[in-house]
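What follows is each chain in one-letter form.
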Amino acid sequence: SYSVPTWAQRFYISGEAVVPVANCDVKEYNSNPKEELPFKEYIKYWKEYIKNDYHSSRGCLYLKDWHLSRAFPEQDVYTTPVYFSSDWLNEYWDAIAVDDYRFVYMGPKG
C-alpha cells in the first residue's frame, strides 16, 4: 500500500515547518504554481488524498524543493550516497554558506 513515509512523521510531530508545495493539476507558464503550507497541513492533505482514492478538490499537491537539511541542520537528515560522495556542488555551497542542492520531493501517486 502507498502511504506517507514514516520518516515524515518525525517532522510532522516536531514542529511547524513550512514547505513549498506545487499543484500538479495546474500549469502556469509551463510550470506548476507553488504555495507554502505548514508541513502538518501537507501531511494531513496527503493522508486525506489517499483515503479519498487519490482525489481532492485541492488537486494533486506535491512537496517540491524543500531544503530540509538547511531548515533542520541539527537533524542530520541528509547523507550523500557513496556513489555520489564527490558532492562537489554542495561542498562549494556549504563552504560559502549561501545555498545548497539538497531537496526533498514527495507526494502522493498520480
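Residues numbered from 1 in each chain as written. Predicted model: local features only at pLDDT ≥ 70, side-chain atom pairs only at ≥ 80, totals over all residues. Heavy atoms only, no water.

Student: I would appreciate a short explanation of the pattern of salt bridges in the present structure.
Tutor: Pairing between side chains becomes possible if they bear opposite charge and their charged atoms approach one another. With the rule as written, the count across this model stands at 3 salt bridges. Its salt-bridge partner being K64, residue D65 comes within 3.5 Å of it at the nearest N-O pair. Of the residues examined, K64 reaches a relative accessible area of 32% and is grouped as partly exposed. In this structure, a network of salt bridges that share partners links the residues K34, K64 and D65. (Salt bridge = Lys/Arg side-chain N within 4 Å of Asp/Glu carboxyl O. Buried < 20%, exposed > 50% of the residue type's maximum accessible area, 1.4 Å probe, protein only.)

Student: Help me understand the packing of aromatic side chains in this model?
Tutor: A ring pair, where both rings are aromatic, is described by two values, the distance of the centres and the angle of the planes. Per the counting criterion, the structure on display carries 5 aromatic pairs. Ring geometry for Y42 versus W46: centroids 5.9 Å apart, planes at 50°, classification tilted. Here the residue Y42 and the residue W46 both occupy positions in helix 2 (residues 39-51), the gap between them amounting to 4 residues, near one helical turn. Each of the two residues, Y42 as well as W46, counts as buried. Among the aromatic side chains, those forming a connected cluster through ring pairs are Y42, Y45, W46, Y49 and Y54. A cation sits over an aromatic face here: K109 above Y54, 4.6 Å from the ring centre. (Phe/Tyr/Trp six-rings, centres within 6.5 Å; stacked < 30°, edge-to-face > 60°. Helix = DSSP H or I, 4+ residues; strand = E, 2+ residues; numbered from the N terminus. Lys NZ or Arg CZ within 6 Å of the ring centre and 35° of its normal.)

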